[in-house]
Amino acid sequence: MRIVLVGPPGAGKGTQAALLAKTLSIPHVSTGDLFRANISQGTELGRLAKSIMDTGKLVPDEVTIAMVKDRLRHDDSGNGFLLDGFPRNTAQAVALDEILAEFGIALDGVLDLEVPEDEVVRRIAGRRLCRNDSGHIFHVLYNPPAVEGVCDICGGELYQRSDDSEETVRTRLEVYHTETEPIIEYYAKQGLVTTISALGKVDEVTERAIAALRENAND
Ligand code: AP5
Ligand code: MG
C-alpha cells in the first residue's frame, strides 16, 4: 500500500505511522524525522533544516523533494510506504505525482487525521522524543514512558523538540492551514482522501485508520 498521512502538527501522525507501518509491513517515511536525523548527524542539510524548522516554516521544496525521491528509491519501498509530513504543499504533491509516475506506481490513499486545535496544543505541550530515533514518541500524560526521561523502546534520553515552543507551534499551525490543507482538496479530486477522527486512545485511532484504509482499498 502507498499511503500519505496528513493532519495538523501534533495530530498523532508519527505515532500512528509507526503502528500502521508495522501492521502493514511497509516503511514509515517521515520528512520531519529525516531532517532531525540530519540535524543530529550534523550534515549541511541538517544545519539548513534546523534554521528553518525552528521558525515553524517549511524547508525549501527543492531539497525536501530530492530527499524524498532518494528515500523512495530504497528497496524497502518496493511493497509500498507510508509518507508522514510529505507532501506539505501543492508543489510537493505535484512533484510526488511526477516521481510516482516516473517509478510507474501510484498512491492508494490519503488518510487525513482530524483533531481540534485545543487537543493539538495539549498533545504538543507534553510530547517527548527519543534522542536516538525521533520516531520513538511519548507524552508526559497521555503516553508516559515507564521511567521518566528514558525511552521505553531503546533506553535513549527523551527530550522536547525545539520547534514545540508556543510561538513556533503557532506558526506551524498557520503554515498547516495555508499551505498544507489545500493538498487535501488536491487529493480529494483524485478520490483518494479518507478523513478520520484522531481523538481517543492511540489504539482506537489505529483501529479506525486500518478500517478506513481497508475500506478505501476495497472501493
Ligand atoms: P514534522 O516533524 O513533520 O512535524 P509536524 O507535521 O508539525 O507534526 P508533528 O510531528 O509535530 O506531529 P505528529 O502529527 O507527528 O504527532 P505525534 O505522533 O508526534 O515537521 C517538523 C518541521 O520539519 C516542519 O515544521 C518543517 O519545518 C519541516 N518539514 C517537515 N516535513 C516537511 C516538508 N514536507 N516540507 C517542508 N518542510 C518540512 O503526536 C504528538 C503528541 O501527541 C505525542 O506526545 C504523542 O504521544 C501524543 N499522542 C499521539 N496520539 C495520541 C492520542 N490518540 N491521544 C493522546 N495523545 C496522543
Ligand atoms: Mg511527527
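Anything mentioned here points back to the structure above.
Please read these numbers as outputs of a predicted model, since none were measured by experiment.

Caption draft 1: Structural detail: the site of ligand 1. Contacts to ligand 1 come from 34 residues, most closely from Thr15, Lys57, Arg88, Arg127 and Arg172. Here Lys13 contributes a backbone N or O atom positioned 2.8 Å from an oxygen atom of ligand 1. Side-chain polar atom of Thr31 to a nitrogen atom of ligand 1: 2.7 Å apart, as the coordinates give it. Protein chains bury 97% of the 1000 Å² of accessible surface belonging to ligand 1 in isolation.

Caption draft 2: Region of interest: the environment of Val110. Relative to the helices and strands, Val110 resides in strand 4 (residues 109-114). Spatially, the C-alpha atom of Val110 lies 9.4 Å from that of Leu83, the residues being 27 residues apart in sequence. Setting aside anything within four residues of it in sequence, one finds Val110 in contact with Val4, Val6, Tyr187, Leu192, Val193 and Thr194.

Caption draft 3: Broad picture of the packing of aromatic side chains. Overall, the coordinates contain one aromatic pair when judged by the stated rule. Ring plane angle 80° and centroid distance 5.2 Å describe the contact between Tyr186 and Tyr187, whose orientation is recorded as edge-to-face. When the ring centre of Tyr159 is taken as origin, the NZ or CZ atom of Arg131, which lies over that ring, is 4.4 Å away.

Caption draft 4: How the structure looks around the sheet that holds strand 6 (residues 137-139). Reading across from one edge, 6-5-7 is the order of the three strands in this open sheet, with antiparallel pairing throughout. Two strands lie at the open edges of the sheet, namely strand 6 and strand 7 (158-159), each paired on one side alone. Relative to strand 7, strand 5 (residues 127-130) is paired through two bridges, and the arrangement is antiparallel. Among the inter-strand pairings, Cys130 is bridged to a residue of strand 7, identified as Leu158.

Caption draft 5: Inspection of the sheet that holds strand 8 (residues 193-197) at higher detail. Taken in spatial order, the five strands make up an open sheet running 2-3-1-4-8, and their pairing is parallel. Each edge of the open sheet is held by one strand with a lone partner, namely strand 2 (28-30) and strand 8. Between one strand axis and the next, the sheet turns by 25° as a mean value, whatever way the strands run. Relative to strand 4, strand 1 (residues 2-6) runs parallel, the two sharing four bridges. Looking across to strand 4, one finds that Val6 is bridged to Asp112. Where helix 2 (residues 31-41) meets the sheet, its contacts fall on strand 2 and strand 3 (81-84), and the angle it forms with strand 2 comes to roughly 70°.

Caption draft 6: Inspection of the pattern of salt bridges at higher detail. A full pass over the atoms with the stated rule returns 12 salt bridges. Across the salt bridge formed by Asp33 and Arg36, the nearest N and O atoms sit 2.9 Å from each other. Of the two residues, Asp33 and Arg36 are both situated in helix 2; the distance of three residues between them amounts to about one turn of the helix. Neither Asp33 nor Arg36 differs from the other in exposure class; each is buried. With a closest N to O distance of 2.9 Å, Asp76 and Arg71 form a salt bridge. Residue Asp76 is classed as partly exposed on the basis of its relative accessible area, which comes to 39%. Among the charged side chains, a salt-bridge network with shared partners connects Arg127, Arg161, Asp163, Asp164 and Arg172.

Caption draft 7: The environment of Glu166, seen in detail. Tracing the backbone shows Glu166 in helix 7 (residues 166-180). Look at Glu166 and you get exposed, because its relative accessible area is 65%. In this structure, the C-alpha to C-alpha distance between Glu166 and Ala125, residues 41 residues apart in sequence, is 8.2 Å.

So, how was this worked out
Residues numbered from 1 in each chain as written. Chains lettered and ligands numbered in written order. Predicted model: local features only at pLDDT ≥ 70, side-chain atom pairs only at ≥ 80, totals over all residues. Heavy atoms only, no water. Near = heavy atom within 4 Å. Polar contact = N/O pair within 3.5 Å; in protein donor to acceptor, adjacent residues only side chain to side chain. Areas by Shrake-Rupley, 256 points an atom, 1.4 Å probe, with all protein chains shown as cover. Helix = DSSP H or I, 4+ residues; strand = E, 2+ residues; numbered from the N terminus. Contact = heavy atoms within 4.5 Å. Phe/Tyr/Trp six-rings, centres within 6.5 Å; stacked < 30°, edge-to-face > 60°. Lys NZ or Arg CZ within 6 Å of the ring centre and 35° of its normal. Pairing = 2+ DSSP bridges. Axes fitted to C-alpha atoms, helices over the stretch in contact; angles between N-to-C directions. Salt bridge = Lys/Arg side-chain N within 4 Å of Asp/Glu carboxyl O. Buried < 20%, exposed > 50% of the residue type's maximum accessible area, 1.4 Å probe, protein only.

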